[in-house]
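Given next are the chains, with one letter for each unit.
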Amino acid sequence: MGNYIPDTAAIRKEMLQAIGKESIDALYEDVPSNVRLKELHIPEGKTEMAVASAVKKIASRNKVYDSLFRGAGAYRHYIPAIVKGIVSKEEFLTAYTPYQAEISQGVLQSIFEYQTQICELTGLDVSNASVYDGAVAAAEAIFMTIEKNKTEALVSGAIDPRVLEVIKTYGESRNVTITVTDDLYKTDAAKLQDLISENTACVLVQSPNYYGVIEDVEEIVSIAHEKKVRVIESVNPISLGLLKSPGELGVDIAVGEGQPLGMPLSCGGPYLGFMAATKELTRKLPGRIVGQTTDHDGRRCFVLTLQAREQHIRREKASSNICSNEALCAMTASVYLAALGPEGLQKVAKNCYDHAHYLKDSLASIGFKPANEEPFFHEFLTESPIDPVLLEQKLKEKGILIGLVMGDKILWCATELNEKEDIDRLIDAIREVI
Amino acid sequence: MKLLFELSSADKKLDLIPDCDVKSYGLEEKYLRKEKPALPELSEVDLSRHYTELCKQTFGVNDGFYPLGSCTMKYNPRIDEEMASLRDFTDVHPLQGEESIQGSMEVLYRTQELLCEITGMDEMSLQPAAGAHGEYTGLLLIRRYHQARHDEERVNIIVPDSAHGTNPASAVMAGFKVINVPSNADGGVDLDELRKVVGKDTAGLMLTNPNTLGLFDPNILKITKIIHEAGGLCYYDGANLNAIMGRVRPGDMGFDCIHLNLHKTFGTPHGGGGPGSGPVGCKDFLKDYLPMETVRKEDDRFVFHNAEHSLGRVRSYYGNFLVIVKALTYILTLGKEGIIASSGKAVLNANYMMNALKKCYDVAYDKTCMHEFVLCLEGLKKETGVSAMDIAKASLDYGVHPPTMYFPLIVHEALMFEPTETESKEVIDEAIAVYTKLYQLAHEDPEYLHAAPHDQPIGRPNETEAARNPILRYQKEC
Amino acid sequence: MFKNPEELKYAKTHEWLKEEDGVYVVGLTDFAQDALGDVVFVNLPAVDDEVKAGESLGDIESVKAVSDVFSPVTGRVVEVNEEVADNPALVNEDPYAAWLIKVADVTEFEELLDAAAYAEHCEQEG
């Protein structure tokens, strides 16, 4: 029924005649007859109206929580209207990777602007054009630091467990030893000192970490650098409106999940892996990089550059296989950051910080004891005076999604969207349950 | 045109975020950023116009014919976008619990099932975010399979010399060594050479079929048999599935695992380089190694399933979910007859175009092609000095996106065309006229072509300078 | 015609070799730089690295290609041309002045040609 073929059967026949073929089937002469498919067992096509109705029906089985106190790696923030308006422009939406610079200056310049913004945000020298998500960015960053005689990565136990799983998968196949510290809520910098060996290429730490705690990255950097070990910081980009940048902290590579920069939660994707590094690591960066140059008339323009690092040229010797990235998500982040500006970003970050601290105080007042007293950004872990699973269930019935249940504890999150009224309503709702 | 940073002025900003309605909490000085990041500051109008200007300098699928070989630049239906922007899909947290994301899980489940049927696979993981990511994941399945059998001397992945660059790069990332195998005179895998390189060290073969020359390898069943008899597995690179979907399935040709590119075959937009989606499918005997969290149906409920010996995760969460929504919408729209009609028209368009162009240009392999074909401009270059690059760049001035250039590597001065099924005869006839005209121009005025394009926002960029002295970010002049 | 100075020895993989007081200097030939086009980056070993005759000692990039550089000798790297690393265009400008590395403690040589034989070899490849 539905397809996007513009021609009629009569025209197709005309085309077949032009090439001297009886039928379209005759074009498949090289396909062995015994494997040609007799019937494809999928439903018949539908009209647009019928498909829209079917898909909407499926969508309606999801529950959207307007009141949401869960982060744990994916965050709901306010997305300015202009962000969606710009990235849904069909030229940006439908273009291919900008290999043809002459007709791709729009995409190329936007990536160059994105790279610059990521550098500004992280305080580092160079950025690539994006990778698949924050977890893959962390895995790729580790590989940037690996040398012939340094094949171990020391990874904080307080990072996002999903990121850790991805790191382990990548590490296993690339023969990188992943050693995970037994740190629970915060990385013990002093202990790292003993764990670093001759074979250690890098230390990877997340700050704010999975439990929301702001790590003492400077201390970690000084210990690692003393032993000529590089430091990778996985960072929440929104927190950089308030917290010290990776560059200020002295880290070598900053990576992170860019989803909070204007991308909706979307049940987990598409998201954005951003990567930035010091200048000396430029050529180790995986994936696309856009550079500035001039055309033959001396006009400033932008091109994909340092391409000889990449798979399409270096093939089996490439440091990464990445080809498609998350270009449109990078543009989303770029528009988001441009819309907010430095003050707007700072405001978002500070509102997250204040709301989360207000939430923590409010929860403490009704018996949710904090699991630790470390400084945190917009997430924190508490104990629970009642069974967290039961609490989650009861509050879902009231249309509220509480923090992520982790055993007998709960990992809470507040952003600029969780205003006082929202938090107070949560507290009232919990009171009713306990 | 100016950069965002050059448009920036400190007195311009948008009023987006309200003042905080709770008290201000302090934080120790040592954690605080000293200087705000130097992000640009613009008014909403300036910002909007900036991107509209950038838009005008971007060639999208709706700007004209886009015959970029091996990239399947077909029309991206609007309904797919509309479905992916439903709030029920965009505003759910990935960790909010199975019972509250049954809709998302149904999308994943139905897409898994449909893709399995289309490819002849038994299980599918939608986690990989792009084609190369899918390749890596599929190769990890092969790695895990041999490891589980303690067959660890199988370290070689065989890759034809016509393969995409991602194939060898993915194989190395997945811990294998790459063995290149040459093509025969017909553009297919050289069976004698293949027999020579297989052995106890063969982990598997990666093959694109139809291959990057646009040719379906008639020896496909022999090829997969040679690999299987040697104890290796066969990996299908689905980059070119658009030619054969609904007509022949990788699973029936002897392939054990595959990846697909939803952003090629299933109509989801490329986004200027991503996000894509690269699902990985496999036969039953490999399913226990699939990445974590595939979706299963139990009665009327959808549940997440972790394979028993899962290779782990290749990214967080379940894949590029909204891209998957678009692909599902697309497949539901086309249905079985739409899928078969689409592959057929894609192949017809390519043959029609090739047939017309071979009146002047040399075709790399002069035989019936699948969804794409490759011209060899070596002769034209010798005769006139005009290169594949010159012809490709000149086509820009005629509103046609250039074909893929200088690929596959085994054809010199290659131009690779993939017209796709969403182009009409009329559009293809116009493109044929353009390339015929360029052929004449190559003989009459080669200098004009060397200097092409002439009517674009910029001329050819100086790529040497860009690579020798990389400027990778804007820096304010002091 | 490509320049092939008489006093140098050449490997079939297009590297030149010159002896200077027991230390061997390695560079790329005129033929190689021409085939590569504009060189944009050279990836060289570090001082004290071991190189082996006939094996890759590093690689050299143009905008759209990358090629291995093979070592004509087995030995230990004692000096790397930082000037070329900083300005790879020198390889195009004067390939015989833009040496890449110097190797000491040489124990083994790859099969080497004199200028005339190398010119003939290039002719065949050409």
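Since the structure is predicted, the reported quantities are computational estimates derived from the model, not experimental observations. (Residues numbered from 1 in each chain as written. Chains lettered and ligands numbered in written order. Predicted model: local features only at pLDDT ≥ 70, side-chain atom pairs only at ≥ 80, totals over all residues. Heavy atoms only, no water.)

Quick notes on the overall build of chain C
The number of helices and strands found in chain C is four helices and ten strands. Principal-axis analysis of the C-alpha atoms gives chain C an extent of 35 × 30 × 20 Å. Accessible surface, chain C as shown: approximately 6,100 Å² in total, 44% of it carbon and sulfur. Positive and negative side-chain charges in chain C, numbering 8 and 30 respectively, have mean positions lying 2 Å apart. (Helix = DSSP H or I, 4+ residues; strand = E, 2+ residues; numbered from the N terminus. Areas by Shrake-Rupley, 256 points an atom, 1.4 Å probe, with all protein chains shown as cover. Lys, Arg positive; Asp, Glu negative; His and termini not counted. Charge placed at Lys NZ, Arg CZ, Asp CG, Glu CD.)

Some points on the sheet that holds strand S4 (residues 39-43) of chain C
Residue and element names in this part refer to chain C. Pairing within the open sheet is antiparallel, and its three strands lie in the order S4-S6-S7. The sheet is open, and its two borders are formed by S4 and strand S7 (66-70), each paired with just one other strand. Averaged over all pairs of adjacent strands, the angle between strand axes in this sheet comes to 25°, irrespective of strand direction. Pairing of S4 with strand S6 (residues 56-62), which is carried by four bridges, proceeds in the antiparallel orientation. (Pairing = 2+ DSSP bridges. Axes fitted to C-alpha atoms, helices over the stretch in contact; angles between N-to-C directions.)

Some remarks on the sheet that holds strand S13 (residues 404-406) of chain A
Residues and elements named next belong to chain A. Here three strands make up an open sheet; going across it, the order is S11-S14-S13 and the pairing antiparallel. With one partner strand each, in any of the chains shown, strand S11 (379-383) and S13 form the two edges of the open sheet. Here the strands of the sheet are splayed against their neighbours by 25° on average, with no regard to which way each runs. With five bridges connecting them, S11 and strand S14 (residues 409-413) associate as antiparallel partners. Paired with Thr-382 across the two strands is Ile-410, which belongs to S14.

Considerations on the interface of chain B and chain A
Taken together, the 200 residues of chain B in the interface contact 185 residues of chain A. Considering only the side of chain B, the residues that lose the most area to chain A are Tyr25(B), Arg33(B) and Leu472(B), jointly responsible for 5% of the buried surface there. Inspection of the region where chain B meets chain A yields 20 salt bridges. Connecting chain B to chain A are 104 residue pairs in polar contact (both at pLDDT 80 or more). (Contact = heavy atoms within 4.5 Å. Buried area = accessible area lost by both parts, 1.4 Å probe. Salt bridge = Lys/Arg side-chain N within 4 Å of Asp/Glu carboxyl O. Polar contact = N/O pair within 3.5 Å; in protein donor to acceptor, adjacent residues only side chain to side chain.)

With respect to the domain arrangement of chain A
Residue and element names in this part refer to chain A. Per the domain assignment, the segments of chain A are domain 1 (67-77 + 342-433) and domain 2 (81-335). At the interface, 28 residues of domain 1 touch 21 residues of domain 2. Looking only at domain 1, the three residues that lose the most surface to domain 2 are Tyr-75, Leu-345 and Phe-377, adding up to 26% of its buried area. Taken together, the links from domain 1 to domain 2 amount to one salt bridge. Elements with a contribution of two residues or more to the side of domain 1 that touches domain 2: helix H12 (327-365), S11, S13 and S14. Counting residues per element, the side of domain 1 that touches domain 2 draws most heavily on H12, at seven residues. (Domains from an automatic or database assignment.)

A short note on the environment of Arg110(B)
Mapped onto the secondary structure, Arg110(B) falls in helix H5 (residues 102-119). Since its relative accessible area comes to 29%, Arg110(B) is described here as partly exposed. Sequence separation of Arg110(B) and Leu332(B) is 222 residues, and the distance between their C-alpha atoms is 9.9 Å. Setting aside its immediate chain neighbours within four residues, Arg110(B) contacts Ile58(A), Leu328(B) and Leu332(B). (Buried < 20%, exposed > 50% of the residue type's maximum accessible area, 1.4 Å probe, protein only.)

Some points on the interface of chain C and chain A
A common way to express how large an interface is: the accessible area buried when the components associate. With nine residues of chain C at the contact, the number on the chain A side is seven residues. For the pair chain C and chain A, the summed buried area comes to about 680 Å², and 47% of that belongs to carbon and sulfur atoms. At the surface where chain C touches chain A, the tally comes to four salt bridges. In this structure, Arg283(A) engages Glu61(C) in a salt bridge whose closest nitrogen and oxygen atoms are separated by 2.4 Å. For the side of chain C that touches chain A, the secondary structure elements donating two or more residues are S6 and S7 of chain C. Ranked by residues supplied to the side of chain C that touches chain A, first place goes to S6(C) with three residues. In terms of residue class, the side of chain C that touches chain A is built from four nonpolar, one polar and four charged. (Nonpolar A, V, L, I, M, F, W, Y, C, P; charged D, E, K, R; others polar.)

A word on helix H4 (residues 115-125) of chain C
All names here are of chain C. Taken as a whole, H4 has its buried residues at Ala-115, Tyr-118, His-121 and Cys-122. Projected onto a plane normal to the axis of H4, the buried residues spread over an arc of 120° and lie on a single side. Away from its buried face, by an angle of more than 90 degrees, H4 presents the exposed residues Ala-116, Glu-120, Glu-123 and Gln-124. Where H4 is buried, its residues contact strand S1 (9-11), helix H1 (30-36) and strand S10 (112-113). (Arc of directions from axis to C-beta.)

Thoughts on the packing of helix H2 (residues 48-59) of chain A against helix H11 (residues 321-357) of chain B
Relative orientation of the contacting elements H2(A) and H11(B) amounts to 140°, with a least axis distance of 10 Å. On the basis of their axis angle, the class for H2(A) and H11(B) is oblique. When you trace H2(A) past H11(B), the crossing you get is right-handed. From H2(A), Val51(A), Val55(A) and Ile58(A) reach across to H11(B), where they touch Leu328(B), Thr329(B), Leu332(B) and Thr333(B). Of the residues that constitute the contact of H2(A) with H11(B), the class distribution is five nonpolar, two polar and no charged. (Parallel < 35°, antiparallel > 145°, perpendicular 65-115°, else oblique. Left-handed = near helix turned anticlockwise from the far one by under 90°.)

Description of the pattern of salt bridges
Once the charged atoms of two side chains with opposite charge are near each other, the side chains can pair. For the structure on display, the rule yields 71 salt bridges over all chains. A salt bridge links Lys367(B) to Asp30(A), with the nearest nitrogen and oxygen atoms 3.3 Å apart. Of this pair, Lys367(B) sits in the loop between strand S10 (362-363) and strand S11 (373-376) while Asp30(A) is found in the loop between helix H1 (9-18) and H2, placing the two residues in two different chains. Taking the relative accessible area as the measure of exposure, Lys367(B) reaches 25% and is therefore partly exposed. Accessibility expressed as a relative area gives 17% for Asp30(A), which makes it buried. A salt bridge links Lys425(B) to Asp429(B); its shortest N-O distance comes to 2.9 Å. Separated by four residues within a single helix, Lys425(B) and Asp429(B) lie in helix H14 (residues 425-444), roughly one turn from each other. Looking at Lys425(B), the relative accessible area reads 15%, which means it is buried.

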